[in-house]
Amino acid sequence: MRVVIEVQELRKAYGSRVAVDGVSFEVYEGEIFGMVGPNGAGKTTTIECIEGLRQPDSGRIRVLGMDPGRQGRALRARIGIQLQEGALSHRLRVEEALWLFTAFYPRPLDPETLLQRLGLAEHRRKAFDQLSGGLKQRLFIALALIGNPEILFLDELTTGLDPHARRAMWDLVQEIRAEGRTVFLTTHYMEEAERLCDRVAIIDRGRLVALDTPENLIRSLGAEQRVIFTRDTAFDPSFLTDLPGVSRVEAIGERVVIYGRGDSLVGRVVEAMAARGMALRDMRVERPTLEDVYLALTGRPMETPGQEILPASNSGRSR
Ligand SMILES: Nc1ncnc2c1ncn2[C@@H]1O[C@H](COP(=O)(O)OP(=O)(O)OP(=O)(O)O)[C@@H](O)[C@H]1O
Ligand SMILES: [Mg+2]
C-alpha cells in the first residue's frame, strides 16, 4: 500500500498548552482515515499541520512526498481542504464561489458537474448566508473538491447536521473514496468513525492512544455481546447458561440479558429458544462500539461537545 501521509513525532504547543504531543501515523492511498477524539484533543491542530496551514514545533510530515512546511503551495494544488470554521463572503452565490475557486487550481473539476453531484444545482443562485448548515457543508466540500484533489481533508464533516444530512454526507464521502481519492477526516462522533472509516486513530489530549480498523479496535477490547429479549415472567431462561459462548444470563422482571462471545452466539440462543418453542420477543443484540473502546483506553466517556479539556500541563507527557 502506498503511503500518502507520513507523520512522525509531531508536536505543537500554543504557549504553555501542548496541543499535539508526539503523534506518529501513516495514511494509505485510497482509504478513509479518521481521527477521532473529544473537543480539544488536537485534531484540528494535527490536520492543519499536515495541510501546511500551521507550522509544527517539531516532527516530520510528508504528504504526497512533500514537506507541507516548505512546499505548501505545490502541495495545496493536489489536496482539498474543508476547514472546520469555514466562512465565505455573505453575498457570494453558490455557483460564483465554485467558479471563483476553479481559478486557484491547475486542473480543476467542472463546477457544473460538482453542483449536480452535491445536490447544489437548485441552490446555485443562493447567497452563502441564505444556505442552511447542511448546504453550507456541501458547498465547502464542493470547494474542497473543485481542485480535483488526490487527498481530501475534512475537519468535523457533520458537526451540526441532522441525522439525515449526516448519512447523506457519509454516502458522499464513500463515493469520493470510490473515485480513488484518499480521505482524511476528523470527528468527535465515534459512531461516524465506526461506520465510515477504514482506519481510525483515537487521539486524546494530544496523544494517539490507538490506531486500527474499527473492527480490530472493538475486537481488541474482548468485550462481550449482549442478546436481550422480553420473556413471560414464568419462563426460566437459566438453561441458556449451558450454551457454548454464553458467560451468564440475567433475568430481571420481563427482561432477559444473555452475555457472551463469538460469532455464533446469537444463532445458538435463537435455536435453543426455538427448540423449546419459545419466541424471542423484542430481541436485540448489543455489541461493543468504538465508544466502549475509547472508554476502555482513557477511563472516561467521550466528553459532550462544547466541553473543554484540562490544560495540557495537567494531562500531557507526564501521564
Ligand atoms: N490558535 C490557538 N491558540 C491557542 N490555543 C489553541 C489554538 N488552537 C487550538 N488551541 C488549543 O489546543 C488544543 C487542541 O485544539 P484543537 O483545535 O487542535 O482540538 P480539536 O481536537 O480540533 O478540538 P475540537 O473537537 O473542539 O475541534 C485545545 O486545548 C485548544 O484550546
Ligand atoms: Mg477541531
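Residues numbered from 1 in each chain as written. Chains lettered and ligands numbered in written order. Predicted model: local features only at pLDDT ≥ 70, side-chain atom pairs only at ≥ 80, totals over all residues. Heavy atoms only, no water.

1. Notes on the site of ligand 1
Of all residues adjacent to ligand 1, which total 15 residues, the nearest are Arg17, Gly40, Lys43, Thr44 and Thr45. Note that an oxygen atom of ligand 1 is positioned 2.8 Å from one of the side-chain N or O atoms of asparagine 39. Threonine 45 places a side-chain nitrogen or oxygen 2.5 Å from an oxygen atom of ligand 1. Contact with the protein chains hides 72% of the accessible area of ligand 1, taken as 630 Å² for the molecule alone. Those elements giving two or more residues to the shell around ligand 1 turn out to be strand E2 (17-28) and helix H1 (43-51). Per-element tally for the shell around ligand 1: the top contributor is H1, with 3 residues. (Near = heavy atom within 4 Å. Polar contact = N/O pair within 3.5 Å; in protein donor to acceptor, adjacent residues only side chain to side chain. Areas by Shrake-Rupley, 256 points an atom, 1.4 Å probe, with all protein chains shown as cover. Helix = DSSP H or I, 4+ residues; strand = E, 2+ residues; numbered from the N terminus.)

2. As for the layout of surface pockets
Estimates place the volume of the largest pocket at around 460 Å³. As for the largest pocket, its lining consists of 18 residues, of which Arg76, Ile81, Phe101, Phe104 and Tyr105 are closest to the centre. Put simply, the parts of the chain that give the lining of the largest pocket at least two residues each are helix H2 (72-76), strand E5 (79-82) and helix H5 (133-145). The element contributing the most residues to the lining of the largest pocket is E5, with 4 residues. (1 Å grid on protein atoms, 1.4 Å probe; cavity = no way out; pocket = protein on both sides within 12 Å on 5 of 7 lines; lining within 4 Å. Points joined across faces, edges and corners; volume = space filled by probe spheres on them.)

3. Overview of the sheet that holds strand E4 (residues 58-63)
The strand order across the open sheet built from 3 strands is E2-E1-E4, with neighbouring strands paired in antiparallel fashion. Each end of this open sheet is capped by a strand with a single partner; those strands are E2 and E4. Neighbour-to-neighbour, the strand axes of the sheet open up by a mean angle of 15°, direction not taken into account. Both strand E1 (residues 3-14) and E2 contribute to a ladder of 9 bridges, which runs antiparallel. Of the residues in E2, the one forming a bridge with valine 7 is phenylalanine 25. (Pairing = 2+ DSSP bridges. Axes fitted to C-alpha atoms, helices over the stretch in contact; angles between N-to-C directions.)

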